[in-house]
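Letter by letter, the chains look like this.
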Amino acid sequence: MNVLLVEDDVGIGRFVSRGLMAQGHQVAWERSGERVRDLVATDRFGVMLLDLGLPDIDGIDLCRSVREDARIPILMLTARGTLQDRLDGFDAGADDYLPKPFAFDELIARLRVVERRQADAIAPPLRVAKLEVDAVRRRMRWDGREVEFTRRSFDLLACLAAARGDAVARRDLIEAVWGSENEVSDNNLDVQVSALRQRLRQLDLPLTVETVRALGFRLTVTEPK
Ligand code: CA
């Protein structure tokens, strides 16, 4: 899962991010609240772990403001552990609450619950032909078999698949892959499209990324001959 960790304590941040990465998760670690809303808006993250005591903003306020326009599951990590604190957290839109200090295994168990709940709540995986895109767990299958892509190729393919054969504008693809906060050239997108095409050939999948002139790209399913 792609985890957004918001934690100013270096010791805890390191402990959590290393532990999660060792378990195969991707972690983006922010030490303040400043960029959090923009990062969440990129839709790249499956869950946010949010410390309540941040240097620049109160975590409860940040949680509430993120919740206004995003459905990302939020797991609060905090030393404030009274019932009222927990209630405030849920009231602000948190999905779960883990009082510090916590055991790493407990964090993992809570994350699994969040992940499962999210998967059930949001999306049946998207299907295009035999391709199944599970954006929540960041997995793809073809005909039931797991197929692996780099992070960017995954995001690119998922975005194209979601359009179900319609053309997707370059700008939208760039935003889906790199997020809106990055300056990314058309050339970067072309390189990424080439990489995806190559990977699709490698995997021998009957999917083609077609160039749509003056607009962008579309995903088509190659009919068997
Ligand atoms: Ca803190």
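These numbers come from a predicted model, not from an experiment.

J.: How should the coordination of the calcium ion be read in this particular structure?
T.: Surrounding the calcium ion are the protein donor atoms Asp8 (OD), Asp51 (OD) and Gly53 (O), at 2.2 to 2.4 Å. Sequence spacing of the donor residues for the calcium ion, all on one chain, is D-x42-D-x1-G. Placement of the pair is Asp8 in the loop between strand 1 (2-6) and helix 1 (10-22) and Asp51 in strand 3 (residues 47-51), with a sequence separation of 43 residues. Judged by its relative accessible area of 4%, Asp51 falls in the buried class.

J.: Help me out: how do you make sense of the packing of aromatic side chains in this one?
T.: Think of a pair of aromatic rings as described by two things: how far the centres are apart, and how the planes are tilted against each other in angle. Evaluation of the coordinates by the stated rule reveals two aromatic pairs. Ring geometry for Phe90 versus Tyr97: centroids 6.4 Å apart, planes at 50°, classification tilted. We classify Tyr97 as buried; its relative accessible area is 3%. Against the face of Trp29 rests Arg31, its NZ or CZ located 3.8 Å from the ring centre.

J.: Mind showing me how you'd approach the pattern of salt bridges here?
T.: Any two side chains of opposite charge can pair if their charged atoms end up close together. Inspection of the entire model under this criterion finds 15 salt bridges. Ionic pairing is found between Asp95 and Arg67, a salt bridge with its closest N-O pair at 2.9 Å. Placement of Asp95 in the loop between helix 4 (83-91) and strand 5 (96-99) and of Arg67 in helix 3 (residues 59-69) is noted, with a sequence separation of 28 residues between them. Since its relative accessible area comes to 29%, Asp95 is described here as partly exposed. Measuring nitrogen to oxygen at the nearest pair gives 3.7 Å for the salt bridge that ties Arg141 to Glu132.

J.: What is the right way to look at the pairing of strand 11 (residues 207-212) in this model?
T.: Residues in a regular strand point their side chains to alternate faces of the sheet. Pairing geometry for strand 11 and strand 12 (residues 216-221), over six bridges, is antiparallel. Along strand 12, the bridge assignment pairs Thr208 with Thr220. Connecting the antiparallel pair strand 11 and strand 12 is a turn made up of three residues, with Ala214 showing a positive phi of about 65°.

J.: Looking at this structure, how should I read the sheet that holds strand 5?
T.: Reading across the sheet, the five strands line up as 2-1-3-4-5 and stay open at both edges, with parallel pairing between neighbours. Whereas interior strands pair on both sides, the edge strands pair on one side only; in this sheet they are strand 2 (26-30) and strand 5. On average, each strand axis in the sheet is tilted by 20° relative to the strand beside it, whichever way the strands run. Judged from the four bridges that link them, strand 1 and strand 3 form a sheet pairing that is parallel. The residue bridging Leu4 from the neighbouring strand is Met48, located in strand 3. Helix-sheet contacts for helix 1 involve strand 1, strand 2 and strand 3, and the interaxial angle to strand 2 is about 165°.

Definitions and cut-offs
- The numbers attached to residues start from 1 for each chain and follow its sequence in the written order.
- Given that the model is predicted, a residue must reach a pLDDT of at least 70 before its local features are reported, and side-chain atom pairs must reach 80 or more before they are shown or counted; all residues, however, enter totals for whole chains, interfaces and linings.
- Heavy atoms throughout the structure, all of them, feed into the side-chain values; hydrogens and water do not.
- We call an atom a donor if it is N, O or S and sits within 2.8 Å of the metal, or 3.2 Å for Na, K and Ca. Water is not counted, so some sites may look partial.
- In DSSP terms, a helix is any run of H or I states spanning at least four residues, a strand is any run of E spanning at least two, and both are numbered starting from the N terminus.
- For the exposure calls, accessible area comes from a 1.4 Å probe over protein chains only, and a residue counts as buried if that area is under 20% of its type's maximum, exposed if over 50%, partly exposed in between.
- Note on aromatic contacts: the rings of Phe and Tyr and the six-membered ring of Trp form a pair at centre separations within 6.5 Å, being stacked when their planes are under 30 degrees apart, edge-to-face when over 60 apart, and tilted otherwise.
- For a ring to carry a charge above it, either NZ of a lysine or CZ of an arginine must fall within 6 Å of the ring centroid while also lying within 35 degrees of the normal to the ring plane.
- We define a salt bridge as a side-chain nitrogen of Lys or Arg found within 4 Å of a carboxyl oxygen belonging to Asp or Glu.
- Should DSSP find at least two bridges between two strands, the strands are taken to pair.
- Note on geometry: axes are lines fitted to C-alpha atoms, helical ones only across the stretch in contact, with angles between N-to-C directions running from 0 to 180 degrees.
- Any pair of residues with heavy atoms lying within 4.5 Å of one another is described as a contacting pair.

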